[in-house]
Amino acid sequence: MSDTPHAIELEIEVPGTPDEVWRAIATGPGITSWYVPHTVDEQEGGTATARFGAGPEMEVPGNVAAWEPPHRVVFDGGDGVDGLAFEWLVEARDGGTCVVRLVNSGFGDGGEWDDYYDAMTEGWNMFLGNLLLHLTHFSGQSAAAALPGAGWPGPAETVWAELCAGLGIRTDASVGDRVDVDSADAPSLGGVVAEITPTRMSIVVDTPAPGTALIAAEAMGDSAQVSVWSYLYGTDGAHAVERDESRWQTWLDTHASNARASIVGGS
């Protein structure tokens, strides 16, 4: 009998009124600004689509199962569709803040579900941190999101060190330190570290445009999923995303190929 939890329950306190926070967690432009590009038909029974990358196979259709602004929204796969559901709750606090609570349910039993649950929990902690940055620095604004990623061989900690070396950024950076990508074949990216763990970093960026960035190496079996995701605001941000997303993807793919070739050559 598996002990797999059947729901992820997380919460974070963020600045803003319930209406401001609602825009960030329940509307397409809001969710796009800290998670992945979304479209949301803003009514109960409406459609909701998440895009995790280029191509139709990276689009995940969904449904607005509950719409109770500005306090509760639920996204799921629709009537009769098994799968994960995401309930978001907003509660006002004194002092101009709100608590945002996420209940991510629908997990099954078994070892694969255990791994998926752990990975989703880690991912949601990262994205909730980005939600906090969005509402702290860019509330009411809409970002363009770039989501380049690639699988690199090796354990996440080793891949993280290789990623940072390739980007020319320090692995020992602390919150408040400035970091800037220093790589001849990578686009520019720089700003101040907002959060850092042994395998990821969140940055409030000013280069190539104001916004946030998530740099991560997430464990996936014997390899790691490497991401350099950015959320950039204004006209300059939209232009930078259009210009640089494919360049970042090429950089990640090239370094992944080089890492695999090095392993084969050394075996």
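Each value, and the rule that gives it
- All residue numbers refer to position in the chain's written sequence, counted from 1.
- In keeping with the predicted nature of the model, local features appear solely for residues at pLDDT of at least 70, side-chain atom pairs appear and are counted solely at 80 or more, and the whole-chain, interface and lining totals rest on all residues.
- Note that water and hydrogens are dropped before the side-chain values are worked out from all heavy atoms of the structure.
- Here, nonpolar core refers to any group of buried Ala, Val, Leu, Ile, Met, Phe, Trp, Tyr and Cys residues whose side-chain atoms link them within 4.5 Å.
- Here's how the labels work: a residue is buried when its accessible area is under 20% of the maximum for its type, exposed when over 50%, partly exposed in between, all with a 1.4 Å probe on protein chains only.
- Strands here are runs of E lasting at least two residues and helices are runs of H or I lasting at least four, both read from the DSSP assignment and numbered beginning at the N terminus.
- Think of it this way: a Phe, Tyr or Trp ring, Trp meaning its six-membered ring, pairs with another when their centres are within 6.5 Å, and the plane angle makes it stacked under 30 degrees, edge-to-face over 60, tilted otherwise.
- At least two DSSP bridges between two strands are required for those strands to pair.
- The axes are straight lines fitted to the C-alpha atoms, using for helices just the contacting stretch, and the angles between their N-to-C directions are given from 0 to 180°.
- Every definition here rests on a 1 Å grid over the protein atoms only: cavities are sets of points where a 1.4 Å probe fits but cannot get out, pockets are open sets enclosed by protein on both sides within 12 Å along at least five of seven lines, and lining residues have some atom within 4 Å of a point.
- Grid points are joined across faces, edges and corners, and a volume is the space filled by probe spheres set on the points.
- Three classes are used: nonpolar for Ala, Val, Leu, Ile, Met, Phe, Trp, Tyr, Cys and Pro, charged for Asp, Glu, Lys and Arg, and polar for all others, with Gly counted as polar.
- Throughout, a contact is declared for two residues whenever any of their heavy atoms are within 4.5 Å.
- Salt bridges are counted wherever a side-chain nitrogen of Lys or Arg sits within 4 Å of a carboxyl oxygen of Asp or Glu.

### A few points about the nonpolar core
Reasoning step 1: By size, the foremost hydrophobic cluster in this structure holds 45 residues, and its most contacted members are I25, W34, V73, W88, W124 and F127.
Reasoning step 2: Ranked by the residues each element gives to this core, the list is headed by helix 3 (residues 111-137), at eight residues.
Reasoning step 3: Ranked by size, the runner-up nonpolar core spans 33 residues in total, among them A146, C164, V193 and V241.

### Notes on the packing of aromatic side chains
Reasoning step 1: In this structure the tally under the stated criterion is 14 aromatic pairs.
Reasoning step 2: Residues F127 and W229 carry aromatic rings whose centres are separated by 5.8 Å and whose planes lie at 35° to one another, so their mutual orientation is tilted. Of this pair, F127 sits in helix 3 while W229 is found in strand 14 (residues 223-233), placing the two residues 102 residues apart along the sequence. Pair check on accessibility: F127 and W229 agree, each one buried.
Reasoning step 3: Members of the aromatic cluster, connected to one another through ring pairs, are W34, Y35, F52, F86, W88, W124, F127 and W229.

### A few points about the sheet that holds strand 5 (residues 72-76)
Reasoning step 1: The antiparallel open sheet is built from seven strands, whose spatial order is 1-7-6-5-4-3-2. What marks the edges here is a single partner per strand, and that holds for strand 1 (7-15) and strand 2 (38-40). Each neighbouring strand pair of the sheet contributes to a mean axis angle of 20°, computed without reference to strand direction.
Reasoning step 2: In this sheet, strand 4 (residues 59-68) lies alongside strand 3 (residues 47-51) in antiparallel orientation, the contact comprising five bridges.

### Some points on empty space enclosed by the protein
Reasoning step 1: Per the stated rule, a full pass over the model turns up two cavities of 30 Å³ or more.
Reasoning step 2: Within this model, the largest cavity holds a volume of roughly 80 Å³.
Reasoning step 3: In this structure, the largest cavity is lined by A146, P148, S188, L189, P208, V228, S230, L232, A240, D244, E245 and W248.
Reasoning step 4: Looking at the lining of the largest cavity, the element that brings in the most residues is helix 5 (residues 234-266), giving four residues.
Reasoning step 5: Residues that form the lining of the largest cavity fall into these classes: eight nonpolar, two polar and two charged.
Reasoning step 6: Roughly 30 Å³ of volume is contained in the second largest cavity.
Reasoning step 7: What lines the second largest cavity is I169, V179, D180, V181, L189, G190, I203 and I215.

### Structural notes on the environment of E44
Reasoning step 1: Assignment of secondary structure puts E44 in the loop between strand 2 and strand 3.
Reasoning step 2: The exposure class assigned to E44 is exposed, which follows from its relative accessible area of 56%.
Reasoning step 3: In the structure, E44 is positioned 24 residues away from E20 in sequence and 20 Å away in space, judged by C-alpha atoms.
Reasoning step 4: In this view, E44 contacts V64, A65, A66 and W67; residues no more than four positions away in its chain are not counted.

### Side note on the pattern of salt bridges
Reasoning step 1: According to the stated counting rule, one finds twelve salt bridges in the structure shown.
Reasoning step 2: The salt bridge partner of E91 is R93, with a shortest N-O separation of 3.9 Å.
Reasoning step 3: With a relative accessible area of 40%, R93 lands in the partly exposed category.
Reasoning step 4: The partner of R200 in a salt bridge is E195, with the nearest N and O atoms 3.6 Å apart.
Reasoning step 5: Note on R200: relative accessible area 7%, which makes it buried.
Reasoning step 6: Residue classification places E195 among the partly exposed positions, given a relative accessible area of 27%.
Reasoning step 7: Among the charged side chains, a network of salt bridges with common partners joins E68, R72 and E87.

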